[in-house]
Amino acid sequence: MDELDRALARLAGAPVPDTLDGIENQVLARIGSRPAVRGAGIGIGAVTIAALAIGMIGAELPASASPAVSLAPLGGASPLAPSALLVGEP
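Just so you know, these numbers come straight off a predicted model, no measurement behind them.

> Mind laying out the overall build of the protein chain, listing which residues take part and the relevant values?
For the protein chain, the count of helices and strands is four helices and zero strands. Moving toward the C terminus, one meets the helices and strands of the protein chain in the order α-α-α-α. Among the 90 residues that make up the protein chain, the fraction classed as buried is 2%. When the accessible surface of the protein chain is split by element, carbon and sulfur atoms take 67% of a total near 8500 Å².

And the structure:
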């Protein structure tokens, strides 16, 4: 870590390069010169509305009731136990 500390100390004491003078203004000018994308908001809005509609419709559809299966290791015979699967009995 001593080499890293010395390198950082040299970097901190070095003069600022002249090329960095006014770099903020250059960056902001380039950002300002790019055209704004207007169509992206419409696409994102359409996808959001579609996802919301699918979610609402899916929540309203009735789900088929399935019997609850106990998978507790000490709570009786499990239908997924190897012995039950081999014999073929539930």
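> Just give me the short version of a nonpolar patch on the surface, but keep the residues and values in it.
On the surface, a cluster of nonpolar side chains totalling about 560 Å² of accessible area is made up of V16, L20, I23, V27, L28 and I31. Note on placement: L20 falls in the loop between α1 (2-13) and α2 (23-33).

> Give me the confidence of the model for the protein chain: which residues, what numbers.
Looking at the protein chain, pLDDT values average 81 and 77% of them are 70 or higher. The secondary structure element of the protein chain with the lowest average pLDDT is helix α4 (residues 82-87), at 77, and the one with the highest is α1, at 93.

Calculation notes
- Residues numbered from 1 in each chain as written.
- Predicted model: local features only at pLDDT ≥ 70, side-chain atom pairs only at ≥ 80, totals over all residues.
- Heavy atoms only, no water.
- Helix = DSSP H or I, 4+ residues; strand = E, 2+ residues; numbered from the N terminus.
- Buried < 20%, exposed > 50% of the residue type's maximum accessible area, 1.4 Å probe, protein only.
- Areas by Shrake-Rupley, 256 points an atom, 1.4 Å probe, with all protein chains shown as cover.
- Patch = residues over 30% accessible without salt bridge, like charges linked within 9 Å, V, L, I, M, F, W, Y side chains within 5 Å.
- Salt bridge = Lys/Arg side-chain N within 4 Å of Asp/Glu carboxyl O.
- pLDDT = per-residue confidence, 0-100.

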